[in-house]
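The lines below spell out each chain.
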Amino acid sequence: MLYIGKDIDTDLEKYLDDAKSRAILVCGKRGGGKSYTLGVLAEEIYKSRKNIILMVDPMGIFHTMSLPNNEQQDLVWKWGASPAGVPVTVIVPGDPEKRYGGRDIIKEMENRGVKFQALRINPSDVTPESWCESFKYSINEPSGIALHKAIRRCKTKLKKDFFIPDIIEAVELDARAVNQTKDALINRLESAREWNIFEEIQYREFWQTLNPNTINILDLSTIDSGRYGRRPLIVSVLCRDVFFKRSIARRREELNLPVDMPKIWLLIDEAHQYVPAGKSSLSKEAIIRWVKEGRQPGLSLVVASQQPSAIDAEVLSQCDVIISHSITIKEDKDSLNKLTKDYMKGELKTYINKIGRIGEAILVDDFKEEVSRIKVRPLKSKPGGSE
């Protein structure tokens, strides 16, 4: 059970049942406590030691959870707990020292209890369509056709063990592509090598990067954003890989065979960047599949955003828990209001309008079919950002 806080009206403790996979929406205006609550959920999930936790952190703020929350120690004590940091592994695409600006920064963070893990994604794990979208190529134009064909040729010949130089070679050997198309495409592929996010030596399983004994934080703050940027590309590859591996693990569990990959909780801050409403993105399809089909293989999801109206409706409709802090934008209230359930005594926006102070939230739990006005418990670890 995940301890979230207390009911403001009854003072009873509020818990979320985590015995089965969950899909949770956390939202609230800027400074309202959204990221803070995401940290509380991460602490509670970690406490059970049953699941692997992966937090997608586009702002680079959650590494502070390795430290105790001494700034709020009186409040933490008041709630019957003590300030305490949690083990944290920060996963950094590329070279952590280069991304963070020097060895001295890494060393100081390590002194504060942060572990670092470099990440490089396998070129073979990127679909031909995603390669084209990354370069903003249509699969119907010459460059897109040549790239799509080169990726498929590599997959056929080399299976999963190919890298960008192999793709370049496949482009060069394409007899039907004109030299101008080849030169332009090779230039783009050479530029992609300079992104420093792709594996260049050997194929590596992503799930082996995850530390089951810590909270894993994928820090994307040093990576370019955008719907077709490198952030959604990385998230797409990781979601697809974990989904596939957990599907295999689930079948092994049903047959009482050994399993080396536990169930996964994926927590995504600023989720509208990765699964936007009314727009496409490199990671959208993978996240929608996670939330719609992930329950069987043991995949849980938490999406957090200041703009719930900017998250795709297919994701919102699958959330069986809503934790909403104060919302003031009409479009966001209207988006949440569409999630009103039959068991509620009124519209969801009516409950949201009753939120008073920072840290208060409306908790909607479909499993229990109840709505509560709650005070989120204080973090034991140090909160990042301004919330």
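Our structure's up above, just so we're on the same page.
We now turn to the structure provided with this report. (Residues numbered from 1 in each chain as written. Predicted model: local features only at pLDDT ≥ 70, side-chain atom pairs only at ≥ 80, totals over all residues. Heavy atoms only, no water.)

To continue, consider the overall build of the chain. Along the backbone of the chain there are 13 helices and 12 strands. Computed over the C-alpha atoms, the radius of gyration of the chain is 22 Å, within 12% of the 21 Å expected from 2.2 N^0.38 for a compact globule of 387 residues. Principal-axis analysis of the C-alpha atoms gives the chain an extent of 75 × 45 × 45 Å. With 387 residues in all, the chain has 54% of them scored as buried. (Helix = DSSP H or I, 4+ residues; strand = E, 2+ residues; numbered from the N terminus. Rg over C-alpha atoms; globule rule 2.2 N^0.38 Å. Buried < 20%, exposed > 50% of the residue type's maximum accessible area, 1.4 Å probe, protein only.)

Attention now moves to the packing of aromatic side chains. Within this structure, the stated rule accounts for seven aromatic pairs. Their ring planes at 85° and their centres at 5.5 Å tell us that Y100 and F116 sit as a pair that is edge-to-face. In this pair, Y100 is assigned in helix α3 (residues 96-100) and F116 in strand β6 (residues 114-119), connecting sequence segments 16 residues apart. Under the relative-accessibility criterion, Y100 is labelled buried at 16%. Each member of the aromatic cluster is reached from another via a ring pair, and the members are W131, F135, Y137, W195 and F198. (Phe/Tyr/Trp six-rings, centres within 6.5 Å; stacked < 30°, edge-to-face > 60°.)

Another point: the sheet that holds strand β12 (residues 370-376). A sheet is described by the order of its strands in space; here 12 strands give the open sequence β2-β1-β12-β11-β10-β3-β9-β8-β4-β7-β5-β6, paired in mixed fashion. The sheet is open, and its two edges are formed by β2 (13-16) and β6, each paired on a single side. The average angle at which neighbouring strand axes cross in this sheet is 25°, direction not considered. Direction of pairing for strand β1 (residues 2-7) relative to β2: antiparallel, over a ladder of four bridges. (Pairing = 2+ DSSP bridges. Axes fitted to C-alpha atoms, helices over the stretch in contact; angles between N-to-C directions.)

Our next topic: the nonpolar core. Counting residues in hydrophobic clusters, the biggest one holds 78 residues, and the most contacted among them are L25, W131, L147, L189 and F198. At eight residues, the largest contribution of residues to this core is made by helix α9 (residues 230-254). Ignoring sequence-local partners within four residues, the contact set of L147 consists of W131, C132, F135, Y137, I167, L185 and L189. Listed in part, the 39 residues of the second largest apolar core include V26, L41, I45 and F62. (Core = buried A, V, L, I, M, F, W, Y, C linked by side-chain atoms within 4.5 Å. Contact = heavy atoms within 4.5 Å.)

With that out of the way, let us pick up helix α8 (residues 179-193). Along an α-helix, residues three or four positions apart point the same way, because every turn accommodates 3.6 residues. In this model α8 runs 21 Å from its N-terminal to its C-terminal C-alpha over 15 residues, within 8% of the 21 Å that 1.5 Å per residue would give. All buried positions along α8 are accounted for by T181, K182, L185, I186, L189 and A192. Take α8 and look down its axis: the buried residues cluster within an arc of 125°, on one side only. Of the residues in α8, the exposed ones pointing more than 90 degrees away from the buried face are N179, Q180 and N187. (Expected span 1.5 Å × (residues − 1). Arc of directions from axis to C-beta.)

The next thing to look at is a negative patch on the surface. Taken together, E169, E172, E190 and E194 make up a surface patch of like negative charges. Inspection of the secondary structure assignment puts E169 in helix α7 (residues 164-172). The class of E169 is partly exposed, set by a relative accessible area of 41%. (Patch = residues over 30% accessible without salt bridge, like charges linked within 9 Å, V, L, I, M, F, W, Y side chains within 5 Å. Areas by Shrake-Rupley, 256 points an atom, 1.4 Å probe, with all protein chains shown as cover. Salt bridge = Lys/Arg side-chain N within 4 Å of Asp/Glu carboxyl O. Lys, Arg positive; Asp, Glu negative; His and termini not counted. Charge placed at Lys NZ, Arg CZ, Asp CG, Glu CD.)

Those residues of α7 not exposed but buried are I164, I167, I168, A170 and V171. Burial along α7 is one-sided: seen end-on, the buried residues are contained in an arc of 160°. Tucked inside the fold, the buried residues of α7 contact α5 (128-134), α6 (142-158) and α8.

Let's shift gears to the pattern of salt bridges. In the structure shown here, the tally under the stated rule is 28 salt bridges. One salt bridge connects R373 with E360, and the closest N-O pair in it is separated by 3.7 Å. You can see R373 sitting in strand β12 and its partner E360 sitting in strand β11 (residues 360-365), a full 13 residues away along the chain. R373 gets classed as partly exposed once you look at its relative accessible area, which sits at 23%. By relative accessible area, which is 11% here, E360 ends up buried. A single network of salt bridges, built from pairs that share partners, joins R22, R295, D320 and D365.

Before going further, it helps to spend a moment on the pairing of β12. As judged from the three bridges shared by β1 and β12, these two strands associate in the antiparallel manner. Directly across from D7, in β12, lies its bridge partner I374. Bridge analysis of β11 against β12 gives six bridges, and the strand direction is antiparallel. Opposite I362, over in β12, you have R373 as the bridge partner. Counting the residues between successive antiparallel strands, the hairpin from β11 to β12 contains four residues, one of them, E369, with a positive phi of roughly 55°.

This next bit is on the pairing of strand β8 (residues 263-268). For β8, the buried fraction is high: five of the six residues fall into the buried class. Pairing of strand β4 (residues 51-57) with β8 involves six bridges; the strand directions are parallel. Paired with I53 across the strands is W265, a residue of β8. Examined bridge by bridge, β8 and strand β9 (residues 299-305) share five bridges and lie parallel to one another. Bridge pairing in β9 places I264 opposite L299.

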